[in-house]
Amino acid sequence: MQIPAAILWEPNTRWSVEEITLDPPREGEVLIKLAASGLCHSDEHLVTGDLAPDPGWATAQGMERYPVIGGHEGAGEIVEVGPGVTRVRPGDHVALSFLPSCGRCPSCVVGRQQLCDRGMYLQGGRQLLDRTSRHHARGRDLGLMCLLGTFAPYTVVNEDSCVVIEDDHPLELAALVGCGVTTGWGSAVYAAAVRAGETVVVVGVGGVGMSAVQGAAFAGARHVVAVDPLAWKTDLALKLGATHTAMSMAEALPLVTELTRGRRADKAILTVGLALGTHIAELMALVAKAGRAVVTAAGRATDLDVKLNLVDLTMQRKELVGCLFGNANARVDIPRLLALHREGRLKLDELVTATYSLDQVNEGYDDLREGRNLRGLIRF
Ligand SMILES: NC(=O)c1ccc[n+]([C@@H]2O[C@H](COP(=O)([O-])OP(=O)(O)OC[C@H]3O[C@@H](n4cnc5c(N)ncnc54)[C@H](O)[C@@H]3O)[C@@H](O)[C@H]2O)c1
Ligand SMILES: [Zn+2]
Ligand SMILES: [Zn+2]
């Protein structure tokens, strides 16, 4: 079929919305009619090229990162299934997980679906089973951001990327739990393992950070300090569970010190748009003895330099941990978070501050760069 899609032909260019050819699903694949796609900051990393490893690596794997259809926060309805598909049927509503989970590999069976071995094919963006492409334009095969490519009204993906959800969940909001919401909420609840009565700092309250604020409050934190230079975002954070705000980590340090009578935060979570090595020392300074700092924000693949006080790390037994997809298990956590939303205990509507058509995808990312949206959403 012929459909429009937003393609990035090379880094540091604009998204190009143009017609593509979409082939029918093959073995293990499904055709999905998407309801919406979130505009996550990770697609912006495709534009800047931050996440791309050196091109030599990709070529050695027989993969080309670009051209690529963007988008990895999507939900929709299964229209058609290829041979051998057992997890979904036509008519099912699904949220797409930005990390596939097979349920059989060592990581999946020990409850670390976010580290499913199938994730190794993420960078190539080709179909999981045969590493070929169903999406084509200008005579070229197209890659898919996170094996999904949700910046298009239809896509073909492997069934391992699909999580069936109940029919009465609004599909537009379900799109957000495929990445940002689950990543943020899990960063607090799982990666930081926030416990009742703790003091938590969330640095950067965009789509991911705002969900970390909600996760920390849900887990029973006493203080949740939302840090962001944009006042309209920290104001919203106060409505979603934050108890205090600061414009920067430097400003948060005396506040947290005072709130805890010198002890400092039990947990600090980094959810800024681009993680820098210089952020780490500041983040670690916010946490108490035996406290934990969680790095969820993505950095540059080539960045190896980190500022870190090594004496503090050792003598105060501080922990510094990375976090992928909120350390969540998509097949458990996506339905769980949607249930919490239904019960009014997780806010999703409030995260969507702007909606766009597919043609407006560049406007959406201009708004993200300028701090004008919290979570932009493309509606199909
Ligand atoms: N680890 C994962 O699995 C995972 C999953 C999804 C997204 N991410 C990453 O998480 C990060 C956040 O994504 P997002 O979609 O929420 O981005 P976003 O652009 O919506 O939000 C980032 C926020 O950080 C704020 N900010 C920037 N610099 C800051 C600073 N120095 N101090 C305080 N606040 C600052 C911005 O004002 C903005 O509000 C990105 O790096 C994204 O790639 C990681
Ligand atoms: Zn994302
Ligand atoms: Zn697996």
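Scoring rules and cut-offs
Residues numbered from 1 in each chain as written. Chains lettered and ligands numbered in written order. Predicted model: local features only at pLDDT ≥ 70, side-chain atom pairs only at ≥ 80, totals over all residues. Heavy atoms only, no water. Donors = N, O, S within 2.8 Å, 3.2 Å for Na, K, Ca; no water. Helix = DSSP H or I, 4+ residues; strand = E, 2+ residues; numbered from the N terminus. Buried < 20%, exposed > 50% of the residue type's maximum accessible area, 1.4 Å probe, protein only. Axes fitted to C-alpha atoms, helices over the stretch in contact; angles between N-to-C directions. Parallel < 35°, antiparallel > 145°, perpendicular 65-115°, else oblique. Left-handed = near helix turned anticlockwise from the far one by under 90°. Contact = heavy atoms within 4.5 Å. Near = heavy atom within 4 Å. Polar contact = N/O pair within 3.5 Å; in protein donor to acceptor, adjacent residues only side chain to side chain. Areas by Shrake-Rupley, 256 points an atom, 1.4 Å probe, with all protein chains shown as cover. Nonpolar A, V, L, I, M, F, W, Y, C, P; charged D, E, K, R; others polar. Domains from an automatic or database assignment. Tetrahedral: all angles 85-135°; square planar, octahedral: opposite > 155°, others 65-115°.

Caption draft 1: The arrangement of the coordination of the zinc ion (ligand 2) in detail. For the zinc ion (ligand 2), the protein coordination sphere consists of Cys40 (SG), His72 (NE2) and Cys179 (SG), at 2.0 to 2.3 Å. All donors to the zinc ion (ligand 2) come from one chain, and their sequence spacing reads C-x31-H-x106-C. Residue Cys40 is located in the loop between β3 (29–39) and α1 (41–48), and its partner Cys179 is located in the loop between α4 (171–174) and α5 (180–191); the two are separated by 139 residues in the primary sequence. What makes Cys40 buried here is its relative accessible area of 3%. Accessibility expressed as a relative area gives 4% for Cys179, which makes it buried.

Caption draft 2: Quick peek at the packing of helix α8 (residues 249–259) against helix α9 (residues 277–286). Where α8 meets α9, the closest approach of the two axes is 9 Å, and the angle between their N-to-C directions is 15°. Judged by the inter-axis angle, α8 sits roughly parallel to α9. Between α8 and α9 lies a crossing of left-handed hand. Each of Met249, Ala250, Ala252, Leu253 and Val256 in α8 lies in contact with α9, whose residues at this interface are His279, Glu282, Leu283, Ala285 and Leu286.

Caption draft 3: Examining the site of ligand 1 more closely. For ligand 1, the set of nearby residues contains 31 residues, the closest of which are His41, Asp228, Gly273, Phe325 and Arg375. The separation between an oxygen atom of ligand 1 and a polar side-chain atom of Ser42 is 2.8 Å. Val272 is positioned such that a nitrogen or oxygen atom in its backbone is 3.4 Å from an oxygen atom of ligand 1. About the coverage of ligand 1: the protein hides 86% of its 870 Å² of free accessible area. Secondary-structure elements contributing two or more residues to the shell around ligand 1 are α1 and α6 (207–218). A per-element tally of the shell around ligand 1 places α1 first, with three residues. Taken together, the residues that form the shell around ligand 1 break down as 17 nonpolar, 11 polar and three charged. Residues lining the shell around ligand 1 come from more than one domain, with at least three contributed by each of domain 1 (2–178 + 348–379) and domain 2 (184–323).

Caption draft 4: Expanded view of the coordination of the zinc ion (ligand 3). For the zinc ion (ligand 3), the full set of protein donor atoms is Cys102 (SG), Cys105 (SG), Cys108 (SG) and Cys116 (SG), at a range of 2.3 to 2.4 Å. For the zinc ion (ligand 3), the four donor atoms in the first shell make angles of 105 to 118° at the metal, so the coordination geometry reads as tetrahedral. Of note, the donors binding the zinc ion (ligand 3) are all from one chain and are spaced C-x2-C-x2-C-x7-C. Highlighted residues: Cys102 in the loop between β6 (93–96) and α3 (106–109) and Cys116 in the loop between α3 and β7 (135–137), separated in sequence by 14 residues. Assigned by exposure class, Cys102 and Cys116 land together as buried.

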